[in-house]
Structures are given as C-alpha cells and as structure tokens.
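Here is how the chains run, residue by residue.
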Amino acid sequence: MGELPVRPDDLRALAGLFSPGIVADPYPVYARWRTERPVARPRERLYVLSRFADCEAVLADPAFGRVEENDVRLAPGQARAVARRVVARGADGVSARSMLQSNPPDHTRLRRLVSRAFTPARVRELAPRVEALTASLLSGAPDGPDGRFDLIAGLALPLPVAVISELLGIPVADRPRLVAWSDALARSLDPGFLISEEDRARQREARLEFAAYLRGLLPSRRRSPGDDLISALIGVHDSGGALTEGELIGLCMLLLIAGHETTRSLIGSAVLALLRHPAELAALSADPALVGPAVEEVLRYDPPVQLISRFALRSAEVAGSTIAAGSFVVMLLGAANRDPALCADPGHFSVRRAVARHLAFGQGIHFCLGAPLARLEGAIALRQLLPLLPRLRVCGEPEWKPNTVLRGLEHLWLEQAPGAGAGVR
Ligand code: HEM
C-alpha cells in the first residue's frame with residue numbers, strides 16, 4: 001500500500017479524452033489507460049480508474065460518496081468550484097442536491113420515498129404502452145423517395161421522451177421544451193473547461209425555466225391527483241414527512257433528464273452495433289429470445305454514461321494505493337466495461353455472450369433507479385426493429401453529440417441496403 005506519484009502527463013491525457021475527435025470512438029484511448037495506467041493520479045486529489053474491479057470496488061465502498069460544499073478537506077480552488085455549482089443549482093429554490101447528488105442519510109430517505117412511487121409494478125404496467133408508442137413511431141417512419149430514416153429523430157429520442165413524459169403526466173404540447181431544457185442540462189455534466197460561457201448561460205436559463213414549469217404543474221396535481229408519477233410522489237411520505245417542493249422539482253427534473261437522454265443513446269448504439277455486426281444481427285433475428293442479452297451487451301459495449309465520479313469522504317485503499325480523504329475519483333465506465341478481466345474478447349460485440357456484466361447502470365447505493373424501465377424500452381424497441389434491420393444499412397457517418405459524459409448519437413441515418421426493396425419499411 002502506498003501513495004501513487006502525481007503524473008502531470010496524465011492530466012494532458014485526461015483532457016485529451018474530451019477532445020472532439022475522440023467521441024466517435026474513445027475505446028482505443030480507454031484501452032491505453034487501462035493497460036498503461038489503470039490507477040492514475042493526474043494531479044493532487046484526482047485519481048482516474050479504468051479497470052472493472054477497481055471501479056466496482058469504489059462504487060460499493062461507503063468511503064466514497066458525493067462532495068459536500070462545506071467539506072473542510074476541499075482545496076480552496078475546489079471549494080470555490082463546488083460552491084459555485086451548488087449555489088447555481090439551488091438558486092431557483094429547487095433542492096440543490098438531487099438524489100443522485102446526495103449522501104446518506106439524505107440519499108437513503110429520498111431513494112426510499114421515490115421507490116415507493118416508482119415501483120417495479122408501475123414499470124411493468126408500462127409495457128403495452130411502450131409497445132404501442134414504438135409501433136406508432138415506426139409506422140410514421142418516412143418512406144420518402146430517398147428511403148432515408150433518422151433513427152434518433154424517428155424513434156430513439158421520441159420514444160423515451162414520450163414514455164417518461166406520460167409516466168410523469170407531462171402534456172404532449174410541452175415535450176419539445178422539455179427536450180431542449182434537458183439537452184442543455186445534459187451538457188452541464190461535462191467538465192467545466194469544455195463548457196463555453198454561452199452554454200453556461202443556456203444551462204442556467206434552462207434550469208430556471210424547467211423548475212418554474214414543474215412548479216407550475218404541482219398545485220393542480222395536489223388538488224386533484226391523477227395516476228401519474230408526480231401525483232404519486234406528492235403523496236408519498238414516511239416518518240420524516242413528505243418530499244418538500246424543492247425536492248419534488250429536483251426529482252422530477254432528474255427523472256425527466258435521466259429518463260430519456262440515456263435511453264436514447266442505448267437505442268441508437270444498439271442499432272449502430274447491430275448494423276456494424278451483421279453476424280450478430282443474424283443471430284438475433286434467428287433467436288429473438290436473445291433481445292434481453294443483446295440489450296445488456298449494448299450497455300456493456302457502448303455505455304450511455306461514459307464516466308462517473310466520487311469524492312473520498314475518508315481515506316481508503318484502491319488496488320493497493322491509498323486515496324487520501326478529499327480526493328476526487330473519476331471512473332471510466334466505458335473502459336471498465338471492456339476490461340479483459342470481465343469477459344473474453346471484450347472489444348467484440350456479441351449478443352450471444354452468456355453473461356454480459358457491466359457498470360453501465362453504476363453500482364452501489366446510486367445504482368440506476370430507472371434500469372428496469374430502460375431495459376424494457378430497449379428490448380421493445382429492438383424487438384420491433386428486428387424485422388426491419390436486415391434490410392437497412394447506415395448511411396454516411398453517424399453523428400455524435402459533443403457530450404463526453406452522456407455520450408450518444410445526435411443522428412443515425414439509415415437507408416435501404418442494396419437489393420432490399422424501396423423505402424425503410
Ligand atoms: C440506458 C439507460 C440508462 C443508463 C445507462 C443509466 C445510467 C445511470 C447511471 C450510471 C447511474 C448512476 C450514476 C452514479 O452513480 O453516479 C444512474 C442513476 C440514476 N438513474 Fe439512470 N440510466 C438510464 C436510464 C434511466 C431511466 C429511464 C431513469 C428514470 C426513469 C433513470 C433514473 C436514474 C436515477 C433517478 C438515478 C439516481 C439514483 C440514485 O442516486 O440513487 N435512469 N443511471
């Protein structure tokens with residue numbers, strides 16, 4: 001056990017991970033981190049992990065959590081940066097810490113209350129509606145003379161937006177605004193140096209508008225609760241009471257953003273991977289029972305959340321190195337999921353893997369609350385796309401969003417493969 005040396009070169013390498021050319025295929029760079037510097041210390045109080053076992057261990061270890069803005073161990077620069085973020089988040093009266101940003105016991109209470117309303121039964125009941133929405137979106141797929149279809153605009157984006165909006169009871173007419181706010185806020189997860197002043201202003205505005213919008217929805221739901229999740233969240237309480245208005249708004253924002261940005265990436269990446277691996281598409285078409293394993297394999301192979309971080313609440317040991325209290329630990333999930341220690345030939349996409357273990361939904365107390373819903377949507381979308389895919393091919397280069405943390409396709413244009421007959425459908 002010991003202290004790792006700080007390597008300034010790794011700081012440049014870390015910044016390089018966020019350069020625009022990387023987003024289309026960050027995996028060769030991740031492989032270098034994993035093999036050459038699996039536990040890296042680019043500067044004081046900053047560690048980068050890229051092996052599956054190390055990331056899994058940190059996520060399960062209560063020594064690592066979320067940073068509190070008044071933590072005395074923060075260096076002055078860090079403290080200022082954290083305080084700025086928290087103040088910006090709380091400026092609109094919304095709880096500055098969503099469930100995702102909080103530590104126990106706050107996190108335990110919030111998660112318990114939300115889990116009472118967002119139950120597995122509620123997710124299961126959504127299946128017929130997800131089927132119907134998928135069918136209707138695919139039937140609307142343009143069948144124009146050029147037979148092109150943008151999978152993202154046509155299905156991968158509107159499906160999760162419709163599902164999470166219906167779940168929360170957001171009127172159809174309001175959904176485009178929700179997507180715009182969510183897009184702006186998703187970008188805020190990227191490191192500060194990537195975010196322009198213009199983006200920052202857009203994020204502030206989006207947050208204020210989003211919060212005001214949700215606040216406006218609450219009184220009518222309180223007066224006459226429906227069977228939507230917002231009404232259910234208003235109604236839940238435990239011995240500590242109900243959710244405050246700020247907590248409710250923060251939670252709805254989290255669910256709306258987390259509920260669609262990532263699922264959109266899952267559906268986009270699934271189609272891209274299958275069209276790039278015809279033998280796997282053929283295997284899936286021959287045995288649709290593989291749809292569930294295929295969804296897990298996409299999550300392993302190309303996870304929508306590429307990195308997450310934790311704060312060392314006390315000093316702890318990771319892979320034989322001491323990580324001092326007050327350090328930040330970045331976990332490269334995209335690298336961890338392709339760790340050769342996890343599965344054979346991890347860079348190969350195979351829907352026939354017996355077990356596709358992965359960290360795409362995180363691990364430990366913050367394990368994705370929406371995982372069952374994401375899996376349901378991914379499986380239904382794939383099952384309905386399956387008869388169409390063998391006749392399609394990717395048209396041009398896939399276009400990626402600039403986001404590094406919440407990575408995903410902006411557009412994926414599909415066209416008929418030669419000899420496949422006219423149109424997408
Ligand atoms: C493929 C789709 C999805 C992926 C890859 C994904 C990924 C993740 C990850 C990695 C985390 C943990 C972050 C961390 O530990 O720092 C997380 C947490 C969370 N996710 Fe998801 N997510 C997806 C879909 C959804 C959906 C559909 C919803 C809601 C309907 C949702 C709601 C949440 C919530 C509320 C948390 C916070 C849980 C907590 O702090 O206890 N997610 N998600």
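Each chain carries its own residue numbering, running from 1 in the written order of its sequence. At least 70 in pLDDT is required for a residue's local features to be given in this predicted model, at least 80 for side-chain atom pairs to be given and counted, and no such filter applies to totals for whole chains, interfaces and linings, which use all residues. Heavy atoms throughout the structure, all of them, feed into the side-chain values; hydrogens and water do not.

S.K.: Provide a residue-level description of the nonpolar core, including the pertinent values.
M.R.: Formed by 93 residues in total, the largest nonpolar core has its most connected members in Leu 151, Leu 168, Phe 210, Leu 214, Leu 233 and Leu 284. When residues in this core are grouped by element, the largest group, 17 residues, is from helix α13 (residues 245-276). To define a nonpolar core, start from buried Ala, Val, Leu, Ile, Met, Phe, Trp, Tyr and Cys residues and group those joined through side-chain atoms within 4.5 Å. For every residue, the accessible area obtained with a 1.4 Å probe (protein chains only) is divided by the maximum for its type, and the residue is called buried under 20%, exposed over 50%, and partly exposed between those limits. Grouped together as the second largest cluster of nonpolar side chains are 24 residues, Leu 4, Val 58, Leu 59 and Ile 323 included. Strands here are runs of E lasting at least two residues and helices are runs of H or I lasting at least four, both read from the DSSP assignment and numbered beginning at the N terminus.

S.K.: Mind laying out the environment of Val 305, listing which residues take part and the relevant values?
M.R.: Relative to the assigned elements, Val 305 resides in the loop between α15 (291-301) and β7 (307-312). Note on Val 305: relative accessible area 18%, which makes it buried. For the pair formed by Val 305 and Glu 209, sequence separation is 96 residues and the distance between their alpha carbons is 25 Å. Excluding residues that lie within four positions of it along the chain, Val 305 makes contacts with Thr 262, Leu 333, Val 405 and Leu 406. Residue contacts are defined here by distance: any two heavy atoms, one from each residue, within 4.5 Å place the two residues in contact.

S.K.: Lay out the state of the cysteines with the relevant residues and their values.
M.R.: We call a pair of cysteine sulfur atoms a disulfide whenever their separation is within 2.5 Å. Considering all chains together, one arrives at 0 disulfides under this definition. In this structure Cys 343 is not part of a disulfide, and its nearest cysteine sulfur, from Cys 55, lies 15 Å away.

S.K.: Describe the coordination of the iron atom of the ligand, with residues and values.
M.R.: In this analysis a donor is any N, O or S atom within 2.8 Å of a metal ion (3.2 Å for sodium, potassium and calcium), and since water is not included, sites may seem incomplete. Among protein atoms, the single one acting as a donor to the iron atom of the ligand is Cys 368 (SG), 2.3 Å away. Relative to the assigned elements, Cys 368 resides in the loop between α16 (333-336) and α17 (371-385).

S.K.: Which residues make up the site of the ligand, and what are the values?
M.R.: Neighbouring residues are identified by heavy atoms, a residue being near a molecule or strand if any of them is within 4 Å of it. Residues in contact with the ligand amount to 29 residues; listed here are only the nearest, His 107, Arg 111, Arg 310, His 366 and Cys 368. Whenever a nitrogen or oxygen atom comes within 3.5 Å of another N or O atom, the pair is scored as a polar contact, on the condition that within protein one atom can donate a hydrogen and the other can accept it, and that pairs from neighbouring residues in sequence are kept only if both atoms are in side chains. Between the ligand and Arg 66 there is a distance of 2.8 Å, counted from an oxygen atom to a side-chain nitrogen or oxygen. Every element with two or more residues in the shell around the ligand is listed here: α5 (106-117), α13, β7 and α17. Considering every element that reaches the shell around the ligand, the biggest residue donor is α13, with 7 residues. Classification used: nonpolar for Ala, Val, Leu, Ile, Met, Phe, Trp, Tyr, Cys and Pro, charged for Asp, Glu, Lys and Arg, polar for all others including Gly. For the shell around the ligand, the residue count by class is 19 nonpolar, 7 polar and 3 charged.

S.K.: Now, about the side chain of Asp 150: what can you tell me, with residues and values included?
M.R.: Relative to the elements of secondary structure, Asp 150 occurs in strand β4 (residues 149-150). The positive count covers Lys and Arg only, the negative count covers Asp and Glu only, and His and the chain ends enter neither. Note on definitions: salt bridges are taken to be side-chain nitrogens of Lys or Arg within 4 Å of carboxyl oxygens of Asp or Glu. Salt bridges are absent for the buried Asp 150, whose nearest opposite-charge side chain, Arg 264, sits at 8.1 Å. A polar contact is formed between the side chain of Asp 150 and the side chain of His 411, at a distance of 2.7 Å. One polar contact links the side chain of Asp 150 to the main-chain amide nitrogen of Leu 412, over a distance of 2.9 Å. Residues in contact with Asp 150, not counting those within four places in the same chain, are Leu 155, Glu 410, His 411, Leu 412 and Trp 413.

S.K.: Could you give an account of unusual backbone geometry, with specific residues and numbers?
M.R.: Excluding glycine, most residues fall at negative phi; most peptide bonds, likewise, are trans. Omega for the peptide link from Pro 104 to Pro 105 comes to 5°, which places this bond in the cis form. By the secondary structure assignment, Pro 105 is in the loop between α4 (76-90) and α5. Located in the positive-phi region is Ala 319, a residue other than glycine, with phi close to 45°. Locating Ala 319 in the fold gives a position in the loop between β8 (316-318) and β9 (321-323).

S.K.: So what's going on with the sheet that holds strand β11 (residues 392-394)? Which residues, and what values?
M.R.: Two strands pair under a simple rule: DSSP has to find at least two bridges between them. The strand order across the open sheet built from 3 strands is β4-β14-β11, with neighbouring strands paired in antiparallel fashion. The open sheet terminates on both sides in strands that have one partner only, identified here as β4 and β11. In terms of strand pairing, β11 meets strand β14 (residues 413-416) through 3 bridges, oriented antiparallel. Across the sheet, Arg 393 pairs through a bridge with Glu 415, a residue of β14.

S.K.: Tell me what's going on with the sheet that holds strand β3 (residues 64-65), and back it up with residues and numbers.
M.R.: Taken together, 5 strands build an open sheet; the order of strands is β1-β2-β10-β7-β3 and the sheet is mixed. Edge positions in the open sheet fall to β1 (39-43) and β3, since each of these has one partner strand only. Of the strand pairs in this sheet, β7 and strand β10 (residues 328-332) are connected by 5 bridges, and their pairing is antiparallel. In the sheet register, Phe 311 faces β10, and the bridge partner there is Phe 328. Its contacts with the sheet place helix α1 (residues 8-16) against β1 and β2 (46-49), and it is angled at close to 95° to β1. Relative to the sheet, helix α3 (residues 52-60) contacts β1, β2, β3, β7 and β10, its axis offset from that of β10 by approximately 130°. Axis angles are defined between N-to-C directions and span 0 to 180 degrees, where every axis is a line fitted to C-alpha atoms and, for a helix, only to the segment in contact.

S.K.: Tell me about the pattern of salt bridges, and name the residues and values.
M.R.: Applying the stated criterion across every chain yields a total of 23 salt bridges. One salt bridge connects Asp 9 with Arg 12, and the closest N-O pair in it is separated by 2.5 Å. Taken together, the residues span about one helical turn, with Asp 9 and Arg 12 both in helix α1 at a distance of 3 residues. For Arg 12, a relative accessible area of 58% puts it in the exposed group. A salt bridge links Glu 44 to Arg 41; the shortest N-O distance between them is 3.1 Å. Look at the salt bridges and you will find they share partners, linking Glu 3, Arg 41 and Glu 44 into a network.

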